[in-house]
Amino acid sequence: MKHHWPGSRGAALAAGSILAVLSILLPHGVAAQDADRLADLEAQVAALMAEVQALKAQQAQQAVKVEAVARQAAAPQPRPVAVNAALAGDVAAAELSPNELPQPVVQTAPSPGIDGQPFFVAQPEGRRTGAMATGNDRVRVTFSGQINRALNYVNDGIDSDTYHVDNENASSRFRFVGESSPLNEWQAVSLFEFEWPTNGSLDVNQIQPVVPDAMNQTFNLRLLELGFANNAWGSFFIGQGWMASDGTSEIDISGITTPGWAGQTFAYGGMLPTVEDGLFKYQPRRPSSVPQQSDYATEEAYEAALDDYASNASNFVNIFGLGNDLDGLSRQKRVRY
């Protein structure tokens, strides 16, 4: 049977019981001689009992703290309150700045993008606008582009030379992308993209190694479209953009993408294939249009016509015209859902 002695009184009674037992067991003479020693033992026992009581009190306090933490962890957490466009007028009353408004999450990409990648992506942590500030966290404008130059070394079987070109596998270009979230779960996107292929690889050839300035200073429109996206309804686009069939047959198994790509002739498509013999070094595009001597009154006129024909690259077949990678309908003016 256990006895619980409260406080210091219990410690004193326990010490007295121990001394009483010792007094009975020890001879009377020994007890009288060791009175001082027994007093010391009594003091040590009382100190030990006090220390035990202090440890019990400390343990009880720790148990209370652990129980409080467990109750807090088990309590249901409050759910975040979504603020939509209809509540925008209550922002001032709630003392929230426009930067703290939650942005709607659009799961459907508003544009197919390049190589199937969407233009719209989540903003990096801590960034509220794109590359160009708009003054509105629900609208961002991003400017991007690329410069893609190449050195082509060509040996056509007759001559060899090096050509400084713009690689039209992915021509030098720039674009503006505007994105906004006008309504909850809706997103709008506008896209402008132009290319500027100076000395384009589809234009440079052995006859014309440098493209005229009239061509080099021309911008070519690639993309000009407006789109809307919604998680439930999908995406809708109108303008000049990618057709659904664009890129459906192109698979770049080499993995080098831009330098070679599946349509490999883009990188050097302007070059002219040669012929072993005949009147010209290069393969005529339309053999029937080659000047015939019978059409000219004099030999001098015929020779001049031959020279004019041979100096025009458009009269000959180029590498790009020898194949077709069946790249769908590319980019057209269309409506797409």
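This text goes with the structure placed above it.
Residues numbered from 1 in each chain as written. Predicted model: local features only at pLDDT ≥ 70, side-chain atom pairs only at ≥ 80, totals over all residues. Heavy atoms only, no water.

Caption draft 1: View of the overall build of the protein chain. A tally of helices and strands in the protein chain yields six helices and eight strands. Counting every position in the protein chain, which comprises 337 residues, the buried fraction comes to 27%. Contacts in the protein chain between residues far apart in sequence, at least 24 positions, make up 64% of those at least 6 positions apart. With the model as given, the accessible surface of the protein chain reaches about 22300 Å², and the carbon-plus-sulfur share is 58%. (Helix = DSSP H or I, 4+ residues; strand = E, 2+ residues; numbered from the N terminus. Buried < 20%, exposed > 50% of the residue type's maximum accessible area, 1.4 Å probe, protein only. Contact = heavy atoms within 4.5 Å. Areas by Shrake-Rupley, 256 points an atom, 1.4 Å probe, with all protein chains shown as cover.)

Caption draft 2: Focus on a negative patch on the surface. Together, Glu299, Glu300, Glu303, Asp307 and Asp308 make up a negatively charged patch on the protein surface. Among the structural elements, Glu303 can be located in helix α6 (residues 299-310). For Glu303, a relative accessible area of 36% corresponds to the partly exposed category. (Patch = residues over 30% accessible without salt bridge, like charges linked within 9 Å, V, L, I, M, F, W, Y side chains within 5 Å. Salt bridge = Lys/Arg side-chain N within 4 Å of Asp/Glu carboxyl O. Lys, Arg positive; Asp, Glu negative; His and termini not counted. Charge placed at Lys NZ, Arg CZ, Asp CG, Glu CD.)

Caption draft 3: Region of interest: the pairing of strand β2 (residues 149-155). Along β2, the buried face is formed by Ala150, Asn152 and Val154; none of Arg149, Leu151, Tyr153 and Asn155, which line the opposite face, is buried. Hairpin connection between β2 and strand β3 (residues 160-166): a loop of four residues separates the two successive antiparallel strands, and Gly157 in this loop has a positive phi of roughly 95°. (Pairing = 2+ DSSP bridges.)

Caption draft 4: Geometry of the pairing of strand β7 (residues 234-242). Pairing of strand β6 (residues 220-230) with β7, which is carried by seven bridges, proceeds in the antiparallel orientation. By the bridge assignment for β7, Glu225 is matched with Gly239. In this antiparallel pair of consecutive strands, β6 and β7, the connection spans three residues.

Caption draft 5: Spatial organisation of the sheet that holds β6. Strand order in the open sheet made by the six strands is β1-β4-β5-β6-β7-β8, with antiparallel pairing throughout. With partners counted over all chains shown, the strands left at the sheet margins are β1 (139-146) and β8 (331-336), one partner each. Neighbour-to-neighbour, the strand axes of the sheet open up by a mean angle of 15°, direction not taken into account. One ladder, built from 10 bridges, connects strand β5 (residues 186-195) with β6; its direction is antiparallel. Residue pairing for β6: Ser190 is matched across the bridge by Leu226. (Axes fitted to C-alpha atoms, helices over the stretch in contact; angles between N-to-C directions.)

Caption draft 6: Quick look at the nonpolar core. Judged by nonpolar contacts, Leu272, Phe280, Tyr282, Val290, Tyr302, Leu306, Tyr309, Ala313 and Phe316 together constitute the single largest core of nine residues. What Phe280 contacts, discounting residues up to four positions off in sequence, is Val275, Val290, Leu306, Tyr309, Ala310 and Phe316. With seven residues, the next largest nonpolar core counts Ala150, Tyr163, Val165 and Val211 among its residues. (Core = buried A, V, L, I, M, F, W, Y, C linked by side-chain atoms within 4.5 Å.)

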